[in-house]
Amino acid sequence: MQSGVGFIHETLPVGMLGCNCSILGDPATLEAIVVDPGDEIQEIVAILKRHNLTVKIIVITHAHIDHIGGASKLRALTGAPVYMHEDDSVLAENLAMQASWLGMATPENPGIDTPAKEGDILRAGSIEAHVLHTPGHTQGSISLYLPTHGRLIAGDTLFKGSVGRTDLPGGSFETISSSIRGKLYTLPDSTIVYPGHGTPTDIGSEKRSNPFVRA
Ligand SMILES: [Zn+2]
Ligand SMILES: [Zn+2]
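None of the values given here were measured: they were computed from a predicted structure. (Residues numbered from 1 in each chain as written. Chains lettered and ligands numbered in written order. Predicted model: local features only at pLDDT ≥ 70, side-chain atom pairs only at ≥ 80, totals over all residues. Heavy atoms only, no water.)

Trainee: Give a detailed account of the nonpolar core, specifying residues and quantitative values.
Mentor: Core analysis: the largest hydrophobic core is formed by 29 residues, its most contacted members being I23, V34, I44, L48, I58, I68 and L74. Apart from the residues lying within four places of it in its own chain, the contact partners of I23 are I8, H9, E10, L12, I33, V34, I44, I47, L48 and L53. Listed in part, the 18 residues of the second largest apolar core include I57, L122, I142 and L146. (Core = buried A, V, L, I, M, F, W, Y, C linked by side-chain atoms within 4.5 Å. Buried < 20%, exposed > 50% of the residue type's maximum accessible area, 1.4 Å probe, protein only. Contact = heavy atoms within 4.5 Å.)

Trainee: For the coordination of the zinc ion (ligand 2), give the residues involved together with the corresponding values.
Mentor: At the metal site, the zinc ion (ligand 2) is ligated by D66 (OD), H67 (NE2), D156 (OD) and H197 (NE2), and these contacts range over 2.1 to 2.3 Å. Geometry at the zinc ion (ligand 2) is irregular, judged from its four donor atoms and the angles of 87 to 158 degrees they form at the metal. The distance between the zinc ion (ligand 2) and the zinc ion (ligand 1) comes to 3.5 Å, with D156 serving as a donor to both metals. Of this pair, D66 sits in helix α2 (residues 65–68) while D156 sits in the loop between β11 (151–155) and β12 (158–159), placing them 90 residues apart in sequence. (Donors = N, O, S within 2.8 Å, 3.2 Å for Na, K, Ca; no water. Tetrahedral: all angles 85-135°; square planar, octahedral: opposite > 155°, others 65-115°. Helix = DSSP H or I, 4+ residues; strand = E, 2+ residues; numbered from the N terminus.)

Trainee: Hey, could you go over the environment of Q98 for me, with residue numbers and the actual values?
Mentor: With respect to the helices, strands and loops of the structure, Q98 is situated in helix α5 (residues 95–102). In this view, Q98 contacts A63, H64, I65 and L91; residues no more than four positions away in its chain are not counted. Reaching out from Q98, the side chain makes a polar contact with the backbone nitrogen of I65 at a distance of 2.7 Å. (Polar contact = N/O pair within 3.5 Å; in protein donor to acceptor, adjacent residues only side chain to side chain.)

Trainee: With reference to specific residues and values, describe the coordination of the zinc ion (ligand 1).
Mentor: Taken together, the protein ligands of the zinc ion (ligand 1) are H62 (NE2), H64 (ND1), H137 (NE2) and D156 (OD), with distances of 2.1 to 2.3 Å. If you look at the zinc ion (ligand 1), its four donor atoms make angles of 88 to 169 degrees with each other, and the shape they trace is irregular. Overall, the relative accessible area of 3% leaves H137 in the buried class.

Trainee: Describe the state of the cysteines, and please don't skip the residues or the numbers.
Mentor: Scanning the model with the defined rule gives zero disulfides in all. For the unlinked cysteine C21, the closest cysteine sulfur is that of C19, found at 6.9 Å. The class of C21 is buried, set by a relative accessible area of 0%. (Disulfide = S-S within 2.5 Å.)

Trainee: Requested: an account of the side chain of T201, with residues and values cited.
Mentor: Mapped onto the secondary structure, T201 falls in strand β15 (residues 201–202). With relative accessibility at 7%, the residue T201 sits in the buried group. Among the polar contacts made by the side chain of T201, one reaches the side chain of E206 at a distance of 2.6 Å. When residues no more than four places from it in sequence are discounted, the contact partners of T201 are F159, K160, T191, I192, V193 and E206.

Trainee: Let's hear about helix α3 (residues 71–78): which residues, and what values?
Mentor: Looking only at α3, the buried set comprises A71, S72 and L74. Taken around the axis of α3, the buried residues stretch over an arc of 165 degrees, which confines them to a single face. Turned more than 90 degrees away from the buried face of α3 sit K73, A76 and L77, all of them exposed. Where α3 is buried, its residues contact β4 (31–35), α1 (41–50), β5 (54–59), α2 and β6 (82–84). One or two steps after α3, the chain reaches G79, where phi turns positive at roughly 75 degrees. (Arc of directions from axis to C-beta.)

Trainee: Residues and numbers for the sheet that holds strand β8 (residues 121–124), please.
Mentor: With mixed pairing, six strands are arranged side by side in an open sheet as β8-β9-β10-β11-β14-β15. Of all the strands in the sheet, just β8 and β15 have a single pairing partner and so form its edges. (Pairing = 2+ DSSP bridges.)

Trainee: So what about helix α6 (residues 173–184)? Which residues, and what values?
Mentor: Given 3.6 residues per turn, any residue in an α-helix points the same way as the ones three and four places further on. Look at α6: 15 Å from first C-alpha to last across twelve residues, which is about the 16 Å you get at 1.5 Å a residue. Listed in full, the buried residues belonging to α6 are I176, S177, S179, I180 and L184. Buried residues along α6 cover an arc of 160 degrees about the axis, so they all sit on one side. The secondary structure elements touched by the buried residues of α6 are β9 (127–133), β10 (142–146), β11, β12, β13 (162–163) and α7 (203–209). Between a side-chain oxygen at the N-terminus of α6 and the backbone nitrogen of E174 the separation is 3.4 Å; the capping residue is S172. (Expected span 1.5 Å × (residues − 1).)

Trainee: Any chance you could break down the environment of L74 for me, citing the residues and the numbers?
Mentor: Mapped onto the elements, L74 comes out in helix α3. The buried category is assigned to L74, whose relative accessible area is 0%. Taking the C-alpha atoms as reference points, L74 and K183, 109 residues apart in sequence, are found 30 Å from one another. Among residues more than four places away in sequence, those in contact with L74 are V34, P37, I41, I44, V45, L48, I58 and G79.

Here you go:
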């Protein structure tokens, strides 16, 4: 949980794979963006209620089940549109296969209400999230950069000391390397990175010491 003056940022690991869901809110306008509501929608809704937030948009960084699994439920409860890159549509249509790999029930594919595009700026009150298309872990993977708050929500593209796996359908190490070098390592070193799993890091540390992709 990280909340500051004029900004709410709550993170919680959801589901059996511990996908980090982010809730970004403006405490003045009470508008919010929810990123990767993979599961545990009741927990997410409880946090939204605690801050009196209204969800403007549901962002899916990529269509792996641990990130997209609860999106349909959250949309039904909030009426907010689902925002995702179209290059992950095929993955989203294969949720039954992803569920069978994990031995879990198949969640509903929410589809895409608003297609994500490089350069889009998502707004919730004073919060501005710049959309970066960062393929490699999946073809439609996106990251969100919040320049005002110096934060990056990286999905499964960049982790503390690691990068997203590229051995699943649609993955490419060459592509993820160029996404990270070209679009993430060009952000300010002080940018705090919130990965899709595990603990936060910062761009400067990963540029210096990430064993998979160096600056
Ligand atoms: Zn993933
Ligand atoms: Zn994941």
